[in-house]
Amino acid sequence: QVQLQESGPGLVEPSQTVSLTCTVSGGSITTNYYYWSWIRQFPGKGLEYIGYISYRGNPDYSPTLKSRASISRDTSKNQFTLQLSSVTPEDTAAYYCVRGDSSAYIPIYDYWGQGTQVTVSS
């Protein structure tokens, strides 16, 4: 079974860069047709797509976050990392790493991390 686990700071200061790492077990992040993604949920609101890094190592970002977001991977550690720069209080949210399964008849996020709360405040 695939498991994803987020790690990173719970509290960051405005203008700083937040770095969140997702450790994957039970499956390789290089396995064909999977997209290792980050999404976030604002308090009292729905989910927002941030970006992904594909099984080939190619990134994709939401247009609204492309200038600030960077997703990378370390295949030797089976990890992928989100860096979000110049954060403001509007970036306060619960952040999830998830696996996107594009091989399914209807593409879905089939495995989720438990989520990690990021609060931006001075």
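Residues numbered from 1 in each chain as written. Predicted model: local features only at pLDDT ≥ 70, side-chain atom pairs only at ≥ 80, totals over all residues. Heavy atoms only, no water.

Asks: Can you help me understand the overall build of the protein chain in this one?
Replies: Secondary structure summary: the protein chain contains zero helices and 11 strands in total. Listing each helix as α and each strand as β along the protein chain from the N terminus yields β-β-β-β-β-β-β-β-β-β-β. Its C-alpha atoms give the protein chain a radius of gyration of 14 Å, within 12% of the compact-globule value 14 Å for 122 residues. With the principal axes as the frame, the protein chain shows a C-alpha extent of 40 × 30 × 25 Å. Of the roughly 6,600 Å² of accessible surface on the protein chain, 47% is carried by carbon and sulfur atoms. Separation of charge centres in the protein chain, based on 8 positive and 9 negative side chains, amounts to 5 Å. (Helix = DSSP H or I, 4+ residues; strand = E, 2+ residues; numbered from the N terminus. Rg over C-alpha atoms; globule rule 2.2 N^0.38 Å. Areas by Shrake-Rupley, 256 points an atom, 1.4 Å probe, with all protein chains shown as cover. Lys, Arg positive; Asp, Glu negative; His and termini not counted. Charge placed at Lys NZ, Arg CZ, Asp CG, Glu CD.)

Asks: For this particular structure, what's the right way to read the state of the cysteines?
Replies: Two cysteines, two sulfur atoms, one covalent bond between them: this is a disulfide. The tally for this structure, following the rule as stated, stands at one disulfide. Each sulfur of the disulfide joining cysteine 22 and cysteine 97 lies 2.2 Å from the other. Negative torsions about the S-S bond denote left-handed disulfides, and the value of about 65° found for cysteine 22 with cysteine 97 makes this one right-handed. Here cysteine 22, found in strand β3 (residues 18-25), pairs with cysteine 97, found in strand β9 (residues 93-101); they are 75 residues apart in sequence, far enough to count as distant. Looking at cysteine 97, the relative accessible area reads 0%, which means it is buried. (Disulfide = S-S within 2.5 Å. Buried < 20%, exposed > 50% of the residue type's maximum accessible area, 1.4 Å probe, protein only.)

Asks: Explain the nonpolar core here, please?
Replies: The nonpolar side chains of soluble globular proteins are, as a tendency, buried together. Of all hydrophobic cores here, the largest spans 27 residues; its most connected members are Leu4, Val24, Trp36, Trp38, Phe80, Leu82 and Tyr95. Looking at this core, the elements with two or more residues in it are β3, β4 (34-41), β5 (47-54), β7 (69-74), β8 (79-84), β9 and β11 (116-120). Looking at which element gives the most residues to this core, the answer is β3, with four residues. Not counting the four nearest positions on each side in its chain, leucine 82 is found in contact with Val18, Ser19, Leu20, Trp38, Ile50, Ala69, Ser70, Ile71 and Tyr95. (Core = buried A, V, L, I, M, F, W, Y, C linked by side-chain atoms within 4.5 Å. Contact = heavy atoms within 4.5 Å.)

Asks: I'm lost on the side chain of aspartate 91 in this one. Help?
Replies: The residue aspartate 91 is located in the loop between β8 and β9 in this model. When neighbours within four sequence positions are excluded, aspartate 91 is seen to be in contact with Arg40, Arg68, Leu84, Ser86, Val118 and Val120.

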